[in-house]
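Reading the structure
These are the residues of each chain, in order.
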Amino acid sequence: MNIALDAMGGDNAPADIIQGGLDACAQIHGDLILVGDQDVIKSHLPSNVPKNVKIFHASQVVDMDEKPLEAYRKKKDSSMMVGIRLVKEGKAAAFVSAGSTGSASATALLTWRQVPGVHRPAIGTQLPNHHGGFVLLDAGASPDVDPSHLVEFAILGRAYAQKVMDRKNPKVHLVNIGEEPGKGNAFAKQAYQLLSQFDWFAGNIEGKDMFNSPCDVVVCEAFVGNVILKTAEGVAEMFARHVKAGVPDSFMKALYWPVKKVMAPIKKHMDYAEVGGSPLLGLNGICVIAHGRSNAKAIRNAVLNADKAVGAHLVENIREAVERELGPQQAIEEGNE
């Protein structure tokens, strides 16, 4: 159950990445493998390095603005490629990176390939609401999909919600502009018809209701999912800046301390660092993609989430769910396409 961590990926690499990994290493069920330039990594390690922290050298780094396929083809010794290869070779059970989402997705897909029956992988992002949160997918992995792929996303999301979020019999909603079955464009209407064949489908859900109504899994195409994710992030940041800008700094502490206990649960739900990272679902391996500007806290939680996914046998459960819902023959045939 070793976890490979891309020590060189992210805006705050390597310092915050390494520190986050060190903060998590006592709670994982195997070794933490820091992947990257060994001299750079060693310079950021304390004198008393935990026994389950290892270094695996990689001489190259994938830049955030690098084209994913070029990075895959030209940087065979990047920290991202080496970490993903460690999972392929069975030397690690999961890979965590705050590097380029596109490069991590492409490299993992081309190295591990999809679970039989899954045509497109999906990023599942946990978002907060008044009922314990939900997982939204696809949040950015596969921009061009067919309505039938949303059925696959639903199955992936349900497996994740069950095994990692501890939801019993999770329900699935489809993002749409209205709750009624006939709402939406042709894509949404067709997706609704396909999803309606399953008893776990709970119908359409509007953007505003995702954050106010009980829901476990919400599916949509990657373009819509990424817009939802970035909009929610932007609104939260705008609100925080607006509150701070409207109050003189001299009064901030006086206003904050009386309501600190009340605000703490809200901050915990709204802070992306609490979740840490989003899993890339549907592949023959576990890849957790952290925010590009992840701090040590976010990396710590991303590593712990990866460890929990490994312990829950997430990939194996996804294989079983796809075969159960789509049928063994269809899953085998589609997985070989």
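Residues numbered from 1 in each chain as written. Predicted model: local features only at pLDDT ≥ 70, side-chain atom pairs only at ≥ 80, totals over all residues. Heavy atoms only, no water.

**Considerations on the sheet that holds strand β10 (residues 217–219)**
This is how it is decided: By the convention used here, strands pair only if DSSP detects at least 2 bridges between them. Per the convention used, a helix needs a DSSP run of H or I reaching at least four residues, while a strand needs a run of E reaching at least two, with both numbered from the N terminus. Only C-alpha atoms enter the line fits that serve as axes; for helices the fit covers just the stretch in contact. Angles between N-to-C directions range over 0 to 180 degrees. The contact definition used throughout considers only heavy atoms, calling two residues in contact when any of these lie within 4.5 Å.
The five strands lie next to each other as β6-β7-β10-β8-β9, forming an open sheet whose pairing is mixed. The open sheet has two edge strands, β6 (125–127) and β9 (201–205), and neither has a second partner. Taking the axes of each pair of neighbouring strands and ignoring which way they run, one obtains an average angle of 30° across the sheet. Across three bridges, strand β8 (residues 172–175) lies against β9 in parallel orientation. Note on β9: the bridge partner recorded for L174 is N204. Set on the sheet, helix α6 (residues 147–163) makes contact with β6, β7 (134–137), β8 and β10; between it and β10 the angle comes to about 160°.

**Quick word on the packing of aromatic side chains**
Using the following cut-off: Two rings from Phe, Tyr or Trp (for Trp, the six-membered ring) form a pair when their centres sit within 6.5 Å of each other. Planes less than 30 degrees apart are called stacked, planes more than 60 degrees apart edge-to-face, and all others tilted. Criterion for a charge above a ring: Lys NZ or Arg CZ within 6 Å of the ring centre, and within 35 degrees of the ring normal.
According to the stated counting rule, one finds three aromatic pairs in the structure shown. With centroids separated by 5.8 Å and ring planes inclined at 70°, the aromatic side chains of F134 and F211 adopt a geometry described as edge-to-face. Here F134 is found in strand β7, whereas its partner F211 is found in the loop between α8 (207–210) and β10, with 77 residues between them in sequence. Residue placement shows K76 over the ring face of Y72; its charged tip is 4.2 Å from the ring centre.

**Focus: helix α14 (residues 314–326)**
Heads up, the rule is: By this rule the span expected of a helix is its residue count minus one, scaled by 1.5 Å. A simple rule labels every residue: compare its accessible area, found with a 1.4 Å probe on the protein chains alone, to the largest value its type can have, and call it buried under 20%, exposed over 50%, or partly exposed in between. The arc under discussion is defined with respect to the helix axis, by the directions toward the C-beta atoms.
An ideal rise of 1.5 Å per residue puts 18 Å on 13 residues; α14 measures up with 18 Å between its terminal C-alpha atoms. Within the sequence span of α14, burial applies to L314, V315, N317, I318, A321, V322 and L326. The arc enclosing the buried residues of α14, seen along the axis, measures out at 155°, which places them on a common side.

**Quick word on the sheet that holds strand β4 (residues 94–97)**
Strands sit in the order β3-β2-β1-β4-β12-β11-β5 across an open sheet of seven strands; the sheet is mixed. Of all the strands in the sheet, just β3 (53–57) and β5 (122–123) have a single pairing partner and so form its edges. Of the pairings in the sheet, the one linking strand β1 (residues 3–6) to β4 comprises three bridges and is parallel in character. Of the residues in β4, the one forming a bridge with A4 is F95.

**Examining the packing of helix α4 (residues 79–88) against helix α5 (residues 101–112)**
Helix-helix packing is described using two parameters, namely the angle between the two axes and the distance between the axes. To be explicit about the condition: Whether a crossing is left-handed or right-handed is set by the direction in which the near helix is turned from the far one by less than a right angle, anticlockwise for left-handed and clockwise for right-handed. Residues are grouped as follows: Ala, Val, Leu, Ile, Met, Phe, Trp, Tyr, Cys and Pro are nonpolar; Asp, Glu, Lys and Arg are charged; every other residue, Gly included, is polar.
The geometry of α4 relative to α5 is characterised by a closest axis approach of 10 Å and an angle of 35° between their N-to-C directions. In terms of crossing hand, the pair formed by α4 and α5 is right-handed. Contacts between α4 and α5 pair M80, M81, I84, V87 and K88 from the former with S103, A104, T107, A108, T111 and W112 from the latter. The class makeup of the residues in the contact of α4 with α5 is seven nonpolar, three polar and one charged.

**Remarks on the pattern of salt bridges**
Formally: A carboxyl oxygen of Asp or Glu within 4 Å of a side-chain nitrogen of Lys or Arg is what we treat as a salt bridge.
With the rule as written, the count across this model stands at seven salt bridges. Linking K208 and D209 is a salt bridge whose minimum nitrogen-to-oxygen distance equals 3.2 Å. Bridged by salt links that share partners, the residues D63, E66 and K75 form one connected network.

**Examining the environment of V224**
Within the fold, V224 resides in helix α9 (residues 222–245). Residue V224 is classed as partly exposed on the basis of its relative accessible area, which comes to 26%. Separated by 85 residues in the primary sequence, V224 and A139 have C-alpha atoms spaced 7.8 Å apart.

**Remarks on the side chain of H149**
Assignment of secondary structure puts H149 in helix α6. Relative accessible area serves as the criterion here: at 5%, H149 is assigned to the buried category. Ignoring anything within four residues of it in the chain, the contact list for H149 reads H119 and R120.

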